[in-house]
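Close look at the chain arrangement
Residues per chain are reported as follows:
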Amino acid sequence: MAETSVNIIDQCVAQGVPFAREYGGLLDNRSFGGVQVSRTFYARGQTGQQLLLGAYSALSRQLKTEKVRFFPRHDMLDVVLLDGKAKGVVTRNLLNGEIKAHQADAVILATGGYGNVYYLSTNAMASNVTANWRAHRKGALFANPSFTQIHPTCIPVKNNFQSKLTLMSESLRNDGRVWVPKQKNDKRKPNEIPEQERDYYLERIYPAFGNLVPRDVASRRAKEVCDNGQGVGPTGFAVYLDFKHVIQNKGEGYVREKYGNLFDMYQNIADENPYKTPMKIYPAVHYTMGGLWVDYNLMTTIPGLFSIGESNFSDHGANRLGASALMQGLADGYFIVPHTITDYLSKEKPGNQDTANSEAFKNAVNKTEKDINKIMNIKGDMVVDEIHRELGKVVWDKVGMSRNSRGLKEALDIIPKIKEKFWNNVFIPGSKNDYNQELEKALRLKDFIELAELMAFDALDRNESCGAHFREEFQTKENEAKRNDIEFMYVAAWKYNADGKPNLFKEDLKYKHVKLKTRSYK
Ligand SMILES: Cc1cc2nc3c(=O)[nH]c(=O)nc-3n(C[C@H](O)[C@H](O)[C@H](O)COP(=O)(O)OP(=O)(O)OC[C@H]3O[C@@H](n4cnc5c(N)ncnc54)[C@H](O)[C@@H]3O)c2cc1C
């Protein structure tokens with residue numbers, strides 16, 4: 001990835017992505033959390049969106065030349081194996097419910113992360129784990145499932161009926177200062193609290209990195225001050241992100257030019273003007289470092305099944321620094337898998353049309369239809385979101401920003417009960433042969449529930465803190481993560497077992513050129 005990632009910007013610029021430039025026309029850089037140098041290429045506050053538009057334009061061109069066939073509004077619900085190799089997928093047409101098998105010589109999953117297991121996250125509403133989980137159930141190992149990134153800069157939860165959280169870009173911490181009142185339960189308006197009564201806690205604890213400490217550290221510290229009663233806003237689960245100083249020093253125009261779109265978005269959602277009053281932010285689930293285990297060629301443990309981007313576990317370890325997700329996804333998709341999949345195919349005999357009639361394909365279609373019928377026929381009295389919200393709360397409270405052995409054991413006790421509730425009480429209105437979002441959500445939730453259990457197993461098994469995995473029993477006197485490199489320097493890759501007790505495989509991490517050190521942002 002490191003080798004190929006330098007080509008990404010050129011590739012994307014060629015596709016029309018408007019990366020920011022300096023006055024002289026050279027590409028501009030800015031800093032992000034966890035680094036003290038400006039090294040991130042960006043497109044204002046919309047880097048991801050602009051990259052997506054660039055990729056879509058390039059894809060549309062391939063559609064026009066008929067090199068690619070597109071199946072919009074289809075969910076992949078299973079992967080089909082023939083002689084142990086991935087040879088196709090089963091999909092459901094979301095508009096009319098048609099279940100169909102698609103043959104292939106190899107399969108690539110680029111189905112994203114599973115942050116929505118927490119119910120509330122910054123992910124798109126349709127993000128889910130089904131493709132990965134179906135592959136896992138068919139034998140693909142799932143690595144480091146409990147490594148979840150919680151982003152510190154999100155608009156706080158307002159009430160129980162919310163279904164989505166919004167990220168305010170990390171870039172805002174370049175100029176915004178994070179603080180809470182020194183006094184607990186301080187109900188004054190932010191602008192009424194004088195400087196000496198504010199705790200700029202990140203600048204105080206981490207003088208070297210200040211507001212640009214990595215996401216896991218900033219998130220945990222926000223939780224800590226809120227748990228201590230210093231949180232602000234109606235719920236007390238928010239901290240201020242204040243632009244007063246930069247506006248005073250550089251003017252509102254400077255801020256508007258750099259972050260205008262983000263400020264507008266904040267104002268639309270929070271109904272407060274962030275140029276006049278500090279933003280309120282709180283951590284939220286954002287990215288999942290765990291995913292399908294892949295080898296150097298991005299192939300899972302199922303031959304012919306590849307996994308790229310956020311859906312695999314590779315590259316980020318227990319912690320991901322800002323901007324590296326898109327870098328990894330683009331490196332995987334543009335530069336790595338096109339070569340490794342051709343290498344795989346060069347050793348394979350092309351499949352023939354008859355395989356579509358083989359038992360493996362028929363069974364996969366039948367199994368999918370059976371699952372759907374089963375869910376439709378439960379006819380209970382709970383809607384999908386109600387059960388998902390319950391699952392999300394357990395995972396957030398017990399497998400979230402900080403974990404402990406007692407909480408994880410409780411999670412392992414509660415999650416099977418939620419599973420039972422799902423299979424006995426869920427109610428899906430309407431028909432399976434129609435556009436039915438409740439059915440779509442239910443098919444995703446059943447897999448999220450099983451994944452949640454694996455996440456708790458993984459977090460309980462790792463008796464150390466590392467990166468975003470913070471076990472309260474393993475911390476330093478200064479409340480920093482305490483690693484145990486002697487016992488836990490491995491990737492935890494789990495194998496699915498129908499009895500609910502997954503097997504753990506350990507892939508040792510060996511460092512040749514890097515000396516392991518404990519992070520310090522002080
Ligand atoms: C709000 C936000 C801001 C971000 N900002 C940045 C940033 O500035 N820099 C950075 O590096 N990273 C950023 N990230 C992270 C980065 O955007 C993601 O990690 C990246 O987009 C993942 O790309 P992907 O292609 O692997 O998956 P995704 O972009 O999640 O795409 C997966 C697609 O697969 C579809 N899908 C899932 N399951 C199925 C199924 N079973 N059948 C059919 N389709 C399915 C999904 O609907 C989705 O369209 C951000 C993430 C979020 C949420």
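Residues numbered from 1 in each chain as written. Predicted model: local features only at pLDDT ≥ 70, side-chain atom pairs only at ≥ 80, totals over all residues.

Topic: the domain arrangement of the protein
Under the domain assignment used here, the protein contains domain 1 (5–64), domain 2 (74–147 + 289–508) and domain 3 (151–285). Here domain 2 and domain 3 have C-alpha centroids that lie 32 Å from each other. Taken together, the 15 residues of domain 2 in the interface contact 18 residues of domain 3. Of the residues belonging to the side of domain 2 that touches domain 3, the class tally is seven nonpolar, seven polar and one charged. (Domains from an automatic or database assignment. Contact = placed C-beta atoms within 7 Å. Nonpolar A, V, L, I, M, F, W, Y, C, P; charged D, E, K, R; others polar.)

With respect to the sheet that holds strand 2 (residues 85–93)
Reading across the sheet, the three strands line up as 1-2-3 and stay open at both edges, with antiparallel pairing between neighbours. Edge strands, defined here as strands with exactly one partner in the open sheet, are strand 1 (74–82) and strand 3 (99–103). Pairs of neighbouring strands in the sheet enclose a mean axial angle of 30 degrees, with direction left out of account. Sheet topology places strand 1 next to strand 2; eight bridges connect them, and they run antiparallel. Residue pairing in the sheet places Met76 in a bridge with Thr91 of strand 2. (Pairing = 2+ DSSP bridges. Helix = DSSP H or I, 4+ residues; strand = E, 2+ residues; numbered from the N terminus. Axes fitted to C-alpha atoms, helices over the stretch in contact; angles between N-to-C directions.)

Section: the pairing of strand 13 (residues 490–495)
The pairing of strand 5 (residues 142–143) with strand 13 spans two bridges and is antiparallel. By the bridge assignment, Ala143 is partnered in strand 13 with Ala493. In terms of strand pairing, strand 13 meets strand 14 (residues 503–508) through six bridges, oriented antiparallel. Across the sheet, the residue bridging to Trp494 is Leu504, located in strand 14.

Side note on helix 13 (residues 437–461)
For helix 13, with 25 residues, the first-to-last C-alpha span of 36 Å sits near the 36 Å given by 1.5 Å per residue. Taking burial as the measure, the 25 residues of helix 13 include 19 buried ones, the bulk of the element. (Expected span 1.5 Å × (residues − 1). Buried ≥ 20, exposed ≤ 12 C-beta atoms within 10 Å, placed from the backbone.)

Quick notes on helix 3 (residues 47–64)
Compared with an ideal rise of 1.5 Å per residue, which puts 18 residues at 26 Å, helix 3 spans 26 Å between its outermost C-alpha atoms and is within 8% of the ideal. Within two residues after helix 3, Glu66 carries a phi angle of roughly 60 degrees, on the positive side.

Side note on the sheet that holds strand 14
Taken together, the four strands give an open sheet; going across it, the order is 11-5-13-14, and neighbouring strands pair in antiparallel fashion. Edge positions in the sheet fall to strand 11 (291–292) and strand 14, since each has one partner strand and no second. Against the sheet, helix 13 engages strand 5, strand 13 and strand 14, with an angle of about 145 degrees to strand 13.

Remarks on the nonpolar core
Within the largest apolar cluster, 121 residues are counted, with the highest numbers of intra-cluster contacts made by Val239, Phe306 and Ala452. For this core, the leading source of residues is helix 13, giving 13 residues. Once residues lying within four places of it in the same chain are set aside, the contact partners of Phe306 are Ala106, Ile108, Leu109, Leu298, Met299, Thr300, Val337 and Ile341. (Core = buried A, V, L, I, M, F, W, Y, C linked by C-beta atoms within 7 Å.)

A word on the environment of Asn128
Relative to the elements of secondary structure, Asn128 occurs in the loop between strand 4 (107–109) and helix 4 (130–137). For Asn128, a count of 26 C-beta atoms within 10 Å corresponds to the buried category. The sequence separation of Asn128 and Gly113 amounts to 15 residues, and the corresponding C-alpha distance is 6.8 Å. Setting aside anything within four residues of it in sequence, one finds Asn128 in contact with Tyr114, Asn116 and Arg444.

Comments concerning the packing of helix 11 (residues 384–398) against helix 12 (residues 405–425)
Close contact between helix 11 and helix 12 brings their axes to 10 Å; oriented N to C, the two are set at 170 degrees. Between helix 11 and helix 12, the angle falls in the class roughly antiparallel. Between helix 11 and helix 12, the contacting residues are Ile387, Glu390, Leu391, Val394 and Lys398 on the first element and Gly407, Leu408, Glu410, Ala411, Ile414, Ile415, Ile418, Lys421 and Phe422 on the second. Within the contact of helix 11 with helix 12, the residues separate by chemical class into nine nonpolar, one polar and four charged. (Parallel < 35°, antiparallel > 145°, perpendicular 65-115°, else oblique.)

Quick word on the site of the ligand
Taken together, the neighbourhood of the ligand is formed by 25 residues, with Thr111, Gly112, Gly309, Ala325 and Leu326 sitting nearest. Of all elements in the fold, only helix 3, strand 1, helix 4 and helix 9 (324–346) reach the threshold of two or more residues within the shell around the ligand. The greatest single-element share of the shell around the ligand, amounting to five residues, is contributed by helix 9. (Near = placed C-beta within 6 Å.)

Notes on the packing of helix 12 against helix 13
Angle between the axes and distance between the axes are the two parameters that describe a pair of packed helices. As a packed pair, helix 12 and helix 13 sit with axes 9 Å apart at the nearest point and diverge in direction by 165 degrees. Judged by the inter-axis angle, helix 12 sits roughly antiparallel to helix 13. Crossing hand, helix 12 versus helix 13: left-handed. On helix 13, the residues that touch Ser405, Leu408, Lys409, Ala411, Leu412, Ile415, Ile418, Lys419 and Phe422 of helix 12 are Leu445, Lys446, Ile449, Ala452, Glu453, Ala456, Ala459 and Leu460. Residue classes in the contact of helix 12 with helix 13 are distributed as 12 nonpolar, one polar and four charged. (Left-handed = near helix turned anticlockwise from the far one by under 90°.)

Let's talk about the environment of Asp264
Along the polypeptide, Asp264 turns up in helix 8 (residues 252–270). Since 13 C-beta atoms lie within 10 Å of it, Asp264 is described here as partly exposed. A sequence separation of 10 residues divides Asp264 from Pro274, and the C-alpha atoms of the two residues are 8.6 Å apart.

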